[in-house]
Each structure stands twice: as structure tokens, then as C-alpha cells.
Amino acid sequence: MEGTNVVILAAGNGSRMKSNLPKVLHEVAGKAMVDWVLSAVEPLSPKNILTVTGVGNEKVQAHIGKRSDFVIQEKQLGTGHAVLQTKAALGNAKGSTLILSGDTPLFTTKTLEALLEEHARTKAAVTVLTAHADDPTGYGRIVRDDEGMVLKIVEQKDASITERRIQEINTGVYVFDNQLLFSVLSKVGNDNAQGEYYLPDTLDILREAGQPIGAYETMDFDESLGVNDRVALAKANEIMRARINEKHMRNGVELLDPAQTYIEADVQIGQDTVIEGNVTLKGKTVIGRDNVLTAGTRIEDSTIGDGNVITSSHLEEATVKNKTTIGPYAHLRPLAVIEDEAHLGNFVEVKKATVGLRSKVGHLSYVGNATLGEDVNVGAGTIFVNYDGVNKFDSKVGDRAFIGSNTKIIAPVTIADEAITAAGSTITDDIQKHAMGIARSRQTNKEDFWKRMPHKK
Ligand code: UD1
Ligand code: CA
């Protein structure tokens, strides 16, 4: 269908969302709604894409960037009025024009292609995409005559009681013969319940002018969902999530509770990775094969290799290589790098630090601005003290070093290969190879102290 013009309507204020964010920028599975619309039309290789913006137009245009050209609708006087704003840019164009709304994120390219084919086949002046809704409330209804020919579209607020019973709805997607579209657009009036210039009224006008108008019904109502409020937004997320999860399952990823697994659109996951329910994978996360991610795990913009077991942990902009065990309740923050076969136990936080091959940080520790070599053992409660309130400092721990429990490493400090720190030490100076750093006061035992305890005689 090369050569179609595309218009995306995205100027409305989305008042039913009750939000400061322009409606079409609300996200479904991690992408703005209008991004999904663009992704559905781009594979059609359109001649041009024009987006009509209005409310929050700077934000919307900045977000969309080069994926579209723009026309501004200063006042939101209705969908017909919105399309009329494209007249200078598009009015003389030949061929057909596909019009969609920025708030219908679920259409697939396949459905749009089928609509375009139907339009080309029937040579109608306009073909509207329709769907059967179990609950058509809020949508425009498709009114047909006794022979089943489309007569017009009636908005919910203008519909009679009989018309409201119609379950065939206007999805808000149309293909027009471009010249005919602009020949009737200025004839659309606003004498209706909302005082708006309705794009759907063009069908009635074209039909009265003797032009053939048609409808193409898609069998999947879910694709047509229009997101006008937060309830519909949640529903759109649910549908999109199911689609994404199905794709991963078909690729060999095991989801134990798909309905409770939140995977954003761009996440990649390798085969035989097992994911429990209540796992969230966001952004540009890439996950390899044969991993296990247990409930409560949340991973954002991170790269995970193969064969890891990540238990109820949070990762942001982190890199995890292969065959590690992480968690429960570990927190990997930006620039954490966990090398092969390393282990991070419970309540371990790692930030801008590398934990080397087979190294272990088992319990209750903070590793920040540090490089740990291979086979390092970090005892419970160790803190890398990396911040003086203004600057961050780096520490280095060599291969096979043994860090006693409750060590404080006051950066900058270098602990050599096979060096040791005594438990409870506050390490401020470098430790050379095979030496032990001990920095704590000696224990003294006070004889017969028991009787000096206030309540014990
Ligand atoms: C619209 C249709 C309805 C259809 C439904 C499908 C009209 C009059 N009604 O209703 O028949 O069933 O979509 O989802 O077209 N917009 C502008 N400028 C405006 C008004 C709206 O750009 O002046 C944009 C909005 O940002 C939105 C789209 O057009 O992306 C649709 O507008 P909206 O107000 O959501 O229309 P609905 O009431 O959903
Ligand atoms: Ca809508």
C-alpha cells in the first residue's frame, strides 16, 4: 500500500484522563500511545505522516521528533476541524489518506493493511474501520440501512435510544480518497450535542453527494480500544502485555504467571529463561538464556547473560554476566557489573562497581565506586565508604582478598591481591599483598561488672 498519506489526530486535551500529560503521551507497555500508532503505520511505507497537535503540542512534537511532520490545531473544535488543519499540507495530494487517532494504540499493521486493501478493492470514497463491541458505550455507532449499507455514524451523545443499541462501532480509523475528503470537510457543521465538527459526519455528506461509502469490520475489538480515561488505559496495558508475553512464550521463554508479568515492548529474552509472576522488565533490558527470575524482580535498562538466578531483586542499568546468583533483595544500581559465577546475597547494594569472577558478597553490604578482583570474599556488613559529602572516591580490592565482616573501606584505598582485613576494621590505608589490615580497638573485659548493672543484684 505504498503511497498512502497518513494523518494522526493528537490535538485533543484528553480531559477524561485528568492529567497534566498530553493524552497521547500516556504509556502502554512502556511506550507512548502515539508511538504505537506510528509503529503500526510506518511499515505501510506511507508517502508522508502528518500529526495534528494542539494541547501540549511542544511536548508531543518533541517526543515524536522526526517520525512525523506536524500541523497545529490551535483550538480543539473537533476531529473534522482537526483534519481540516492539514489542508495546506495535504489538500492537493492524490491517492488515499489513512486517518487514525493518537489514542488508539492497539491497531496492528496487518489490520490497517486489510483496511487499505478493502478500500482499494471497493474503490469507495471512504472506508471506515468498524468493530463489534460487547459494550459500545462512548463510541460512535455505525448506522446501516435495511440492506446493510452504511448510512452514517452517530456519536454516543447524539444517538437515539435505538441507535445506542447498535454494537457496531466506529474505531476512528478511516481511509479516504484524499481529494474527496477535502472537498467535503469544510461542509461539516457543528450542530450536535458537543458543538464540535465531527470527522465522521463526512460519511453522511459523501453518501448524500452520491459517493460510495463503505465499512470494513475487524474481528478483534481489542485492537480498537480507544483510551479516553485511566480505566481504558489499564485495559490497553493489559491487552498489550498479553500480546508481548505471548510473543516471548512462543519464542521459548517460560512465564509461570503471564497475567502478572510486566514486560515492556523492547525487552529481549532468550530461550529457556523462566520467569515467575510479579516480575517487571523495563526499557532496553536484554536477558539471555536459561535464567531464572523469581517473583518481585524488577529489571530496567540492564543486560543479563545466561544461566543466572536472580531472586526478588532490583536492577537498574546494571550488567550481569553468566551463572551468577543474585538476591534475594539485592539492589544493582547504574554501572554495576557482576562477572561470571559471582554471588550477591541478601541486602547487598552495588553501584558503579565491578564484582569479579567468582567473587562473593554474601550479606548486608554496600559496594560503591569499587573494583573487586577474582575470588574475593566480602564478609557480612562490609561498607565501601565512597562519599565525603561532596566527592566520590574509588577503591580497589585484589584477587582472592578476604574482607572480614563489618569492614569499613574508606575510599580511596587499594587492598592488594591476597590481602586480608580483620573483621570490624575501618580501613583508611592501602594493604599490601598477603598482609592483614586490622584497625579496631582491643577488647578489655571488666571483672564483676554484672553487679553494677542497675537492675541486677
Ligand atoms: C472518536 C469518534 C468516535 C469513535 C472514537 C473511536 C469523533 C467525533 N468521534 O470519539 O466516533 O468511536 O473516536 O475511538 O470523531 N482530536 C483532535 N482535535 C480535536 C478533537 C480530537 O486532534 O479537536 C483528536 C484527539 O486527540 C484524539 C482523537 O482526535 O486522539 C479522537 O478524539 P476523542 O475526543 O478521543 O474522540 P472520541 O470521543 O473518542
Ligand atoms: Ca478517543
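Given the structure is predicted, the values throughout are model-derived calculations rather than measurements.

### What about the packing of helix H7 (residues 178-185) against helix H8 (residues 201-208)?
- Put simply, H7 and H8 touch, their axes get as near as 10 Å, and they point 100 degrees apart. Here H7 is positioned roughly perpendicular relative to H8, judged by the angle of their axes. Contacts between H7 and H8 pair Leu-180, Val-184 and Leu-185 from the former with Thr-202, Ile-205 and Leu-206 from the latter.
- Grouping the constituent residues of the contact of H7 with H8 by class yields five nonpolar, one polar and no charged.

### Let's talk about the nonpolar core
- By size, the foremost hydrophobic cluster in this structure holds 63 residues, and its most contacted members are Leu-281, Leu-332, Leu-344, Val-350, Leu-372 and Ile-415.
- Mapped onto this core, the elements with two or more residues apiece are helix H1 (33-41), helix H10 (230-250), strand E16 (279-282), strand E27 (343-355), strand E28 (360-372) and strand E34 (413-415).
- Of the residues that make up this core, three or more belong to each of domain 1 (4-224) and domain 2 (252-437).
- Those residues in contact with Leu-332 that lie beyond four places of it in its chain are His-314, Leu-315, Glu-316, Ala-318, Val-320, Ile-326, Ile-338, Leu-344 and Val-350.

### Structural notes on the coordination of the calcium ion (ligand 2)
- Protein coordination at the calcium ion (ligand 2): the donors are Asp-103 (OD) and Asn-228 (OD1), at 2.2 to 2.4 Å from the metal. A residue pair is termed long-range when its members are at least 10 positions apart, and Asp-103 in the loop between strand E6 (96-101) and helix H5 (109-122) and Asn-228 in the loop between helix H9 (221-224) and H10 qualify at 125 residues.
- Residue Asp-103 is classed as buried on the basis of its relative accessible area, which comes to 12%.
- Take Asn-228: its relative accessible area is 21%, and that puts it in the partly exposed class.

### Some thoughts on a nonpolar patch on the surface
- A grouping of Phe-402, Ile-420, Met-436 and Ile-438 is seen on the molecular surface, where their side chains present a nonpolar patch of about 360 Å² in accessible area.
- With respect to the helices and strands, Ile-420 occurs in strand E35 (residues 420-421).

### Thoughts on the site of ligand 1
- In the neighbourhood of ligand 1, 24 residues make up the surrounding shell, with Gln-73, Gly-78, Thr-79, Glu-155 and Asn-170 lying closest.
- Thr-79 is positioned with one of its side-chain polar atoms (N or O) 2.7 Å from an oxygen atom of ligand 1.
- Here ligand 1, which alone exposes 750 Å², has 91% of that area covered by the protein.
- Going through the elements one at a time, strand E1 (5-10), helix H3 (79-84) and strand E10 (168-177) are the ones with two or more residues in the shell around ligand 1.
- Ranked by the residues each element gives to the shell around ligand 1, the list is headed by E10, at three residues.
- The residue inventory of the shell around ligand 1, partitioned by class, reads eight nonpolar, twelve polar and four charged.

### Re unusual backbone geometry
- Looking along the chain, the bond that leaves Gly-327 and enters Pro-328 is cis, with omega of 5 degrees.
- Position of Pro-328 among the secondary structure elements: in the loop between strand E24 (325-326) and strand E25 (331-332).
- Omega for the bond connecting Ala-411 with Pro-412 falls within 30 degrees of zero, at 0 degrees, which places this linkage in the cis form.
- Located in the positive-phi region is Asp-272, a residue other than glycine, with phi close to 65 degrees.
- Relative to the helices and strands, Asp-272 is located in the loop between strand E14 (268-269) and strand E15 (274-275).

### Regarding the UniProt feature "binding site: acetyl-CoA" (unreviewed entry) in the protein chain
- Following the UniProt record, one finds the feature "binding site: acetyl-CoA" (unreviewed entry) at Ala-380, Asn-386, Tyr-387, Ser-405, Ala-423 and Arg-440.
- Non-local contacts of Ser-405, meaning those with residues more than four positions away in its chain, are made with Gly-379, Ala-380, Ala-423 and Gly-424.
- Along the chain, Ala-423 falls in the loop between E35 and strand E36 (426-427).
- Here Ala-423 falls in the partly exposed class, since its relative accessible area comes to 37%.
- In this structure, Ala-423 is in contact with Gly-404, Ser-405 and Arg-440, ignoring residues within four places of it in sequence.

### Here we look at the pattern of salt bridges
- Scanning the model with the defined rule gives 16 salt bridges in all.
- Across the pair Lys-23 and Asp-103 runs a salt bridge whose closest N-O atoms are separated by 2.8 Å. Of the two residues, Lys-23 sits in the loop between E1 and strand E2 (27-28) while Asp-103 sits in the loop between E6 and H5, which places them 80 residues apart along the sequence.
- Members of the salt-bridge network, linked through shared partners, are Asp-35, Glu-42 and Arg-67.

### Regarding the environment of Val-24
- Residue placement: Val-24 occurs in the loop between E1 and E2.
- Expressed as a C-alpha distance, the spacing of Val-24 and Asp-103, which sit 79 residues apart in the sequence, is 5.6 Å.
- With residues near it in sequence (within four places) discarded, Val-24 still touches Ala-10, Ala-32, Met-33, Val-34, Val-60, Gly-102 and Asp-103.

### Topic: H1
- For H1, a buried count of eight out of nine residues is recorded, marking the element as mostly surrounded by other parts of the structure.
- Every buried residue of H1 is accounted for by Met-33, Val-34, Asp-35, Trp-36, Val-37, Leu-38, Ala-40 and Val-41.

The rules behind the values
Residues numbered from 1 in each chain as written. Chains lettered and ligands numbered in written order. Predicted model: local features only at pLDDT ≥ 70, side-chain atom pairs only at ≥ 80, totals over all residues. Heavy atoms only, no water. Axes fitted to C-alpha atoms, helices over the stretch in contact; angles between N-to-C directions. Helix = DSSP H or I, 4+ residues; strand = E, 2+ residues; numbered from the N terminus. Parallel < 35°, antiparallel > 145°, perpendicular 65-115°, else oblique. Contact = heavy atoms within 4.5 Å. Nonpolar A, V, L, I, M, F, W, Y, C, P; charged D, E, K, R; others polar. Core = buried A, V, L, I, M, F, W, Y, C linked by side-chain atoms within 4.5 Å. Buried < 20%, exposed > 50% of the residue type's maximum accessible area, 1.4 Å probe, protein only. Domains from an automatic or database assignment. Donors = N, O, S within 2.8 Å, 3.2 Å for Na, K, Ca; no water. Patch = residues over 30% accessible without salt bridge, like charges linked within 9 Å, V, L, I, M, F, W, Y side chains within 5 Å. Areas by Shrake-Rupley, 256 points an atom, 1.4 Å probe, with all protein chains shown as cover. Salt bridge = Lys/Arg side-chain N within 4 Å of Asp/Glu carboxyl O. Near = heavy atom within 4 Å. Polar contact = N/O pair within 3.5 Å; in protein donor to acceptor, adjacent residues only side chain to side chain. UniProt positions renumbered as here; feature names shortened; annotations may be inferred.

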